[in-house]
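Reading the structure
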Amino acid sequence: MILVTVGMQLGFDRLIMAMDQLAPTLNMEVIAQTGRGTYQPLNMTARAKIGPSEFEELVQKSRLIVSHAGIGTVLTAQRFTTPIVLFPRRFDQGEHRNDHQAATANNLDGRPGVLVAMTVDDLASTIAKGLSMEKPDTALSPTARQLHEAIGTFIETGEL
Amino acid sequence: MTKSNRASRASRPSRPSRPSRRVLAVASGGGHWEQLMLLRPKLEEYDVRFATTDADIALQRGIAKAETLPDCNQNKPFKSALCAFVAAWVVVKHRPHVVISTGAAPGFFCLMAGRMIGARTLWIDSVANGEQLSMCGKLSKRFAHQCLTQWPEVADEPRVKYRGAVL
């Protein structure tokens, strides 16, 4: 199963339409959380909202997540070690108030389990890559280990 | 060590194994909370108490004794005042040695209240802010003891430090 999500705050019809076109070629169930979008998908199960606990269940069950570059979704995917394809919202398409999602996506690209598609044309190949990916490692990344250590130091000494 | 021994140890991860430092760890619901939860194993080495804006998301992680703060942001002055008041109450109640927050405004209020009772305070700016600090991050740079960004590019030593990231 593939889970598509655009968050709860804004619609993101460009991603939903692109995924609706791709869905028949993917040979598996595609569930989309469409937020405040107006486009009605024909080829995937679509729901405007999904509650947090059900969302977590779906993330856990999914082979791949295709998502706007929202950090909440990246963190949930990371927790359940589900690979994720990020498709950032664009300011020039009126999809967000600035281009921070493109910056987030670029920054996260290449982390374990994270792939990025910047354009609709890149989506199909990036999804194929994501589906062939192993589950990302659950061990702490070097940067996470560094932060954990810094926090321990701060708690014990009050300094960093 | 016997197997059952190991198992009973593993089932008590929340028992503080370090000198008892009381820690108040605060995050609003959503991405801020997700980030705090990624830091949970480290925090639970100490005597930690969690606070968030939605009791349900704490219960979801099996945290029954979390404190609940009213959600607020800079556009809601009345809610913010209420939140600041509740934050002060929570801090006075627990008398933490250390207050840590991954955001947003309610966490910042807890940091400020913590300062007033002499706690050491740490702001960890959200990993979502890869280009500049959040509004509360900018305030924390001045008013918290330490301010961390999760992006090396955003660091501005000595006030804003980079010491790794949740991801």
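Located above this text is the structure these notes cover.
Okay, the sheet that holds strand β1 (residues 22-27) of chain B next. Residue and element names in this part refer to chain B. One open sheet holds the seven strands; their spatial order is β3-β2-β1-β4-β5-β6-β7, and the pairing between them is parallel. Each of the sheet's edge strands pairs with one partner strand only, and the pair in question is β3 (67-68) and β7 (160-162). With four bridges connecting them, β1 and strand β4 (residues 98-101) associate as parallel partners. Across the sheet, the residue bridging to Leu24 is Val99, located in β4.

Residues and elements named next belong to chain A. Pairing is parallel across the open sheet formed by six strands, whose spatial order is β3-β2-β1-β4-β5-β6. Edge positions in the sheet fall to β3 (45-47) and β6 (114-116), since each of these pairs with one other strand and no more. Along the sheet, successive strands turn relative to each other by an average axial angle of 20°, direction set aside. The pairing of strand β1 (residues 2-5) with strand β2 (residues 30-33) spans four bridges and is classified as parallel. Opposite Leu3, over in β2, you have Ile31 as the bridge partner. Across the sheet, helix α1 (residues 13-22) touches β1, β2 and β4 (64-67), and the angle it forms with β1 is around 155°. Seen against the sheet, helix α2 (residues 52-61) touches β1, β2, β3 and β4 and runs at an angle of roughly 135° to β1.

A few words now on the pairing of strand β6 (residues 146-149) of chain B. Residue and element names in this part refer to chain B. Burial of β6 is two-sided: the residues Gln146 and Leu148 facing one way and the residues Cys147 and Thr149 facing the other way are all buried. Bridge analysis of strand β5 (residues 120-124) against β6 gives three bridges, and the strand direction is parallel. Along β6, the bridge assignment pairs Leu122 with Gln146. For the crossover from β5 across helix α7 (residues 135-143) to β6, the handedness is right-handed. Examined bridge by bridge, β6 and β7 share three bridges and lie parallel to one another. Across the sheet, the residue bridging to Leu148 is Lys161, located in β7.

Let us now look at the packing of helix α5 (residues 77-94) of chain B against helix α6 (residues 105-116) of chain B. Relative placement of two packed helices is described by the angle separating their axes and the distance separating the axes. Residues and elements named next belong to chain B. Here α5 crosses α6 at 50°, and the two axes come no closer than 8 Å. Viewed along their axes, α5 and α6 adopt a mutual orientation that is oblique. The way α5 lies across α6 gives a crossing that is right-handed. Residues Ser80, Cys83, Ala84, Ala87, Ala88 and Val91 of α5 form the contact with α6, whose participating residues are Pro106, Phe109, Cys110, Ala113 and Gly114. Grouping the amino acids of the contact of α5 with α6 by side-chain chemistry returns nine nonpolar, two polar and no charged.

Cut-offs used in this document
Residues numbered from 1 in each chain as written. Chains lettered and ligands numbered in written order. Predicted model: local features only at pLDDT ≥ 70, side-chain atom pairs only at ≥ 80, totals over all residues. Heavy atoms only, no water. Pairing = 2+ DSSP bridges. Helix = DSSP H or I, 4+ residues; strand = E, 2+ residues; numbered from the N terminus. Axes fitted to C-alpha atoms, helices over the stretch in contact; angles between N-to-C directions. Contact = heavy atoms within 4.5 Å. Buried < 20%, exposed > 50% of the residue type's maximum accessible area, 1.4 Å probe, protein only. Right-handed = clockwise from strand over helix to strand, strands pointing away. Parallel < 35°, antiparallel > 145°, perpendicular 65-115°, else oblique. Left-handed = near helix turned anticlockwise from the far one by under 90°. Nonpolar A, V, L, I, M, F, W, Y, C, P; charged D, E, K, R; others polar.

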